[in-house]
Amino acid sequence: MKIGIVGLGLMGASYAARLKERGQTIYGFARRQETIDKALEYNIVDKGTIHMEDGLLHECEIIILGLYPTALKPWIEQNQQYLQDGCVIMDISGVKSNIIEPIEQIVDSRLSFVSTHPMCGRESQGIEHYDPTIFDGANYIVIETDSSNPKDVQLAKAIGHLLGCKNIEVLDIENHDRMIGFLSQLTHVIAVSLMNTHENEQFVKYTGDSFRDLTRIAAINEDMWTELFLLNKEILLDETNQFIDTITHFRDALKSEDSQELQSDGTVR
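Not measured: the values here are computed from a predicted model. (Residues numbered from 1 in each chain as written. Predicted model: local features only at pLDDT ≥ 70, side-chain atom pairs only at ≥ 80, totals over all residues. Heavy atoms only, no water.)

Engineer: I'd like to hear about the overall build of the protein chain, residue by residue, with values.
Structural biologist: Helix and strand counts for the protein chain come out as 10 helices and 8 strands. Taking all contacts inside the protein chain whose residues are at least 6 apart in sequence as the whole, residues at least 24 apart take part in 69%. Only carbon and sulfur atoms are counted for the fraction: they give 49% of the accessible area of the protein chain, which is about 14,400 Å². (Helix = DSSP H or I, 4+ residues; strand = E, 2+ residues; numbered from the N terminus. Contact = heavy atoms within 4.5 Å. Areas by Shrake-Rupley, 256 points an atom, 1.4 Å probe, with all protein chains shown as cover.)

Right under this line is the structure:
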């Protein structure tokens, strides 16, 4: 297949590297020529350009959008005219609410759109940090809507297998974003909040593995994650409120030295 990767940051470049390893023809698209030059130097794309209108997009059978969530719809609106008939567009955004439905409304009828989410992001940014091994054994979600073409869903799952992902599932928008709100976004909220609780640098000398894991989680791309938080606002607020209720319950039980309550709710194991 001829696959175009739009956006060659950490995730887009890792996609390009892995799919090229697996024998696909990869075309890279970016805003800066420097990024294209690096992709060619790293041998993770076969061709690349910063000019969407120069004909390279039209060669692609699949377009994978490694862009920030709010950039997806504008990119499609501006550039779908350059895509060949039957081209399948895929996004890899970490949130699907307020993204998929607006895109489905504007995608040209001669094209297809299917949404995916490889759950293997990293705290680092930029093409320099690309790593095709991040997909090995990772979870990979394909989103199915009322408008989804079953063939496109199967194609998206096939891409997941090519990447080397292990657990490939199909979910709807609500179930995906509820799962992400709890497993991913709330975890980041907790990690960042914990990092902001103390600023004593002396604590670093005493950290263990669990604290180091939280430090890694907290080192997020603040621009992208702010978009993800806001796009999933209602679900994340609900998950955050549930967490506040739970930790308040623990605080109250600890304050009153209620050992029975600490044991009964599973706080003490």
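Engineer: Lay out the packing of aromatic side chains in plain terms, naming residues and giving numbers.
Structural biologist: Under the definition given, this model contains 3 aromatic pairs. Arranged with centres 5.2 Å apart and planes meeting at 80°, the rings of tyrosine 15 and phenylalanine 135 form a pair that is edge-to-face. Of the two residues, tyrosine 15 sits in helix α1 (residues 10-21) while phenylalanine 135 sits in the loop between β6 (112-119) and β7 (139-143), which places them 120 residues apart along the sequence. The class of phenylalanine 135 is buried, set by a relative accessible area of 0%. (Phe/Tyr/Trp six-rings, centres within 6.5 Å; stacked < 30°, edge-to-face > 60°. Buried < 20%, exposed > 50% of the residue type's maximum accessible area, 1.4 Å probe, protein only.)

Engineer: Could you give an account of the nonpolar core, with specific residues and numbers?
Structural biologist: Ranked by internal contacts, the top residues of the largest apolar core, which has 34 residues, are Ile5, Tyr15, Ile64 and Tyr140. Every element with two or more residues in this core is listed here: β1 (2-6), α1, α2 (33-41), β4 (62-65), β5 (88-91), β7 and α5 (150-163). In terms of residue count, the dominant contributor to this core is α1 (6 residues). Non-local contacts of isoleucine 5, meaning those with residues more than four positions away in its chain, are made with Gly12, Tyr15, Ala16, Leu19, Ile26, Tyr27, Gly28, Phe29 and Ile64. Counting 30 residues, the second-largest nonpolar core is a separate cluster that includes Phe29, Ile63, Val95 and Leu231. (Core = buried A, V, L, I, M, F, W, Y, C linked by side-chain atoms within 4.5 Å.)

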